[in-house]
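Understanding the architecture of this molecule
Residues per chain are reported as follows:
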Amino acid sequence: MTSVFPRCLVSSSASISLPNRPPLRYAVLGAGFAGISVAWHLLKDCPKELSLSVDVYDEVGIGGGASGVSGGLLHPYSPKGSKLLWHGAECWRECLELLNVAETAAASSSAVEKGDCNHSFGNFMVRRRGILRPATNAKTLSLMTDNARNCLAGCVVETIDKDVAQNLVPNLGLPLNCAFYLPGAMNVNPQRYLQALFKACQNSAMESLGRTNITLVKKSIDDVLELEGEYDAVVICLGSKVNFLPGLTGKLPLRTCRGVITHLQLHDSVRESYPEGGPSILSDAWLAVQGPRDIHMGSTWEWQSRNYSPDVSAEEVSKALAELLPKASAVYPDIDKWEFAGARAGLRAMPPVTSHGSLPLLGCVDQLLGAAEGGSCKFWVFGGLGSRGLLYHGWLGKLIAKAVLCCNEEVIPSELTSWKINRVKS
């Protein structure tokens, strides 16, 4: 087969008039946060003069990997809320935009509401009740106080006293009589969100009247080089599985970490319930509230695991509960009234720590893969989202889609591609 590599846009603002030009064809490997964001932005950001087709490959389907079982707590700060993340404002803005896109698509489609997602893991898409972070020690108090002074205007951090905090969550444990409240933070159901965002991609393609197209291909790709000649570019968004692809094995600075999330419910005999408007809770163990009688508790951290299965064994459940319940009870003593109702697990791809924090890995990987020389970028990676995939996926998906469309890695901030330079040095 004759290779179609490379074909790309020299500039997104260039005047292009190629009526006989065949459609651009892109493959996106992975249907989690990274993959569906990239697919959306490729469809939306492609110049109107061009036709484009996107194939999303995932053997399980939309949100079938670690993204689909993530906790879903969304805010622009570090995992425990102590500081604004690198480019947190841009990430927050773009993530809110994609949530709006997904909610609009879901409102017009009963298919998402009746989708095949795991109902024990929530039947809503976005729960806007805020997040509460109790001050449990002097270090937390100091860091959170500084963050409250310098917080993002779009997601403020309020310092509240014991009375106000316990009005939000009765019996909340507050060893220092102080908590920090993020009223604009929210809890997202990852599977429902990703299904709705993919539906938005399909809607966009239909509205283009044939100019663009998107297809979900339930198939795993064992060697990305087998796609060479089929597509103009391939974007690898496989999470922790990327390190086991031929050509990339051992070449990306990623570590794997398996996390177990437990589902707890109140028995019918328990009259009290979590406040309808009560926020989720951040602490050494987090509590993502699904409803008055449903809570997710997480997460464990099993480093260097190679277990991709979302299923959790009885032994793994026992260890997770033994680890998480005491941590949760320290800030929410009433957790002892809740009963175990299920568990799921995901294998995260954790990036290295830099001076800017733990940043995802983006960039062209032609040389690493040994792809045929064509004078332009063909294979791209978007990985290492770690535990902040929900926040990062919107802005970074937009950036890498732009880089793919114009075949120019320089549109990506150097902080996200520096792993390639560091790899050469090492």
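Every chain is numbered on its own, with residues counted from 1 as its sequence reads. Reporting in this predicted model follows two pLDDT cut-offs: at least 70 for local features of residues, and 80 or more for side-chain atom pairs to be given and counted; totals over whole chains, interfaces and linings ignore these cut-offs and use all residues. Hydrogens and water molecules were not included; the side-chain quantities draw on all heavy atoms of the structure.

Once that is clear, we can look at the sheet that holds strand S4 (residues 126-127). When DSSP finds two or more bridges between two strands, those strands count as paired. Helix numbers and strand numbers start at the N terminus; a helix is a DSSP run of H or I with at least 4 residues, a strand a run of E with at least 2. If you walk across this open sheet you meet the three strands as S3-S8-S4, and the pairing is antiparallel. Where the open sheet ends on each side, the last strands, each with one partner, are strand S3 (73-74) and S4. Bridging between S4 and strand S8 (residues 186-188) involves two bridges; their strand directions are antiparallel. The partner of Arg127 across the bridge, within S8, is Asn187.

In spatial order, the strands read S9-S2-S1-S10-S20-S19; together these six strands make up an open sheet with mixed pairing. With one partner strand each, in any of the chains shown, strand S9 (212-217) and strand S19 (361-364) form the two edges of the open sheet. Mean inter-strand twist for the sheet, computed between neighbouring axes without regard to direction, equals 15 degrees. Contacting strand S1 (24-29), strand S2 (52-57), S9, strand S10 (233-236) and strand S20 (379-383), helix H1 (residues 33-45) runs over the sheet at an angle of about 175 degrees to S2. Note on definitions: angles span 0 to 180 degrees between N-to-C directions of axes, and those axes are lines fitted to C-alpha atoms, for helices only across the stretch in contact. By definition, residues are in contact when any of their heavy atoms lie within 4.5 Å.

Moving on to the pairing of S1. Burial runs high along S1: five of the six residues are buried. Relative to S2, S1 is paired through six bridges, and the arrangement is parallel. Following the sheet pairing, Leu24 is matched in S2 by Leu52. Following the chain from S1 across H1 to the adjacent parallel S2, one finds a crossover that is right-handed. Looking at chain direction, S1 and S10 are connected through four bridges and run parallel. What sits directly across from Val28, in S10, is Val235. Burial classes: relative accessible area under 20% of the type maximum marks a residue as buried, over 50% as exposed, and values in between as partly exposed (1.4 Å probe, protein chains only). A clockwise path from the first strand over the helix to the second, with the strands pointing away from the viewer, defines a right-handed crossover.

Put simply, a salt bridge is a Lys or Arg side-chain nitrogen that is within 4 Å of an Asp or Glu carboxyl oxygen. For the coordinates displayed, the defined rule picks out 15 salt bridges. Two residues, Arg93 and Glu94, come together in a salt bridge whose shortest N-O distance is 4.0 Å. Classification of Arg93 by relative accessible area gives partly exposed; the value is 47%. Close ionic contact of Glu323 with Lys327 constitutes a salt bridge, the shortest N to O distance being 3.6 Å. Here Glu323 and its partner Lys327 are both found in helix H7 (residues 314-331), four residues apart, which amounts to about one turn of the helix.

Bringing the side chain of Thr256 into the picture now. Looking at the secondary structure, you find Thr256 in strand S11 (residues 255-266). N or O atoms closer than or at 3.5 Å make up a polar contact, with two conditions inside protein: a donor-capable atom paired with an acceptor-capable one, and, for residues adjacent in sequence, both atoms drawn from side chains. For Thr256, the side chain forms a polar contact with the main-chain oxygen of Ser305, separated by 2.6 Å. The residues touching Thr256, leaving out its near neighbours within four places in the chain, are Ser240, Glu302, Trp303, Gln304, Ser305, Leu347 and Arg348.

Looking now at the environment of Pro352. As for its position among the elements, Pro352 is in the loop between strand S16 (338-350) and strand S17 (353-354). By relative accessible area, Pro352 is classed as partly exposed at 32%. Separated by 32 residues in the primary sequence, Pro352 and Gly384 have C-alpha atoms spaced 8.6 Å apart. Leaving out residues up to four positions away in the same chain, Pro352 has contacts with Pro253, Gly357, Ser358, Leu359 and Leu361.

What follows covers the pairing of S16. Extensive coverage of S16 is indicated by the burial of ten of its 13 residues. When S11 meets S16, the two strands line up antiparallel, connected through twelve bridges. Along S16, the bridge assignment pairs Leu266 with Trp338.

This part is about H1. Helix span, as expected, comes to 1.5 Å for every residue beyond the first. With 13 residues, H1 extends 18 Å between its outermost C-alpha atoms, agreeing within 8% with the 18 Å of an ideal straight helix rising 1.5 Å per residue. With eleven of 13 residues buried, H1 lies mostly within the body of the structure. Buried within H1 are the following residues: Phe33, Ala34, Gly35, Ile36, Ser37, Val38, Ala39, Trp40, His41, Leu42 and Leu43.

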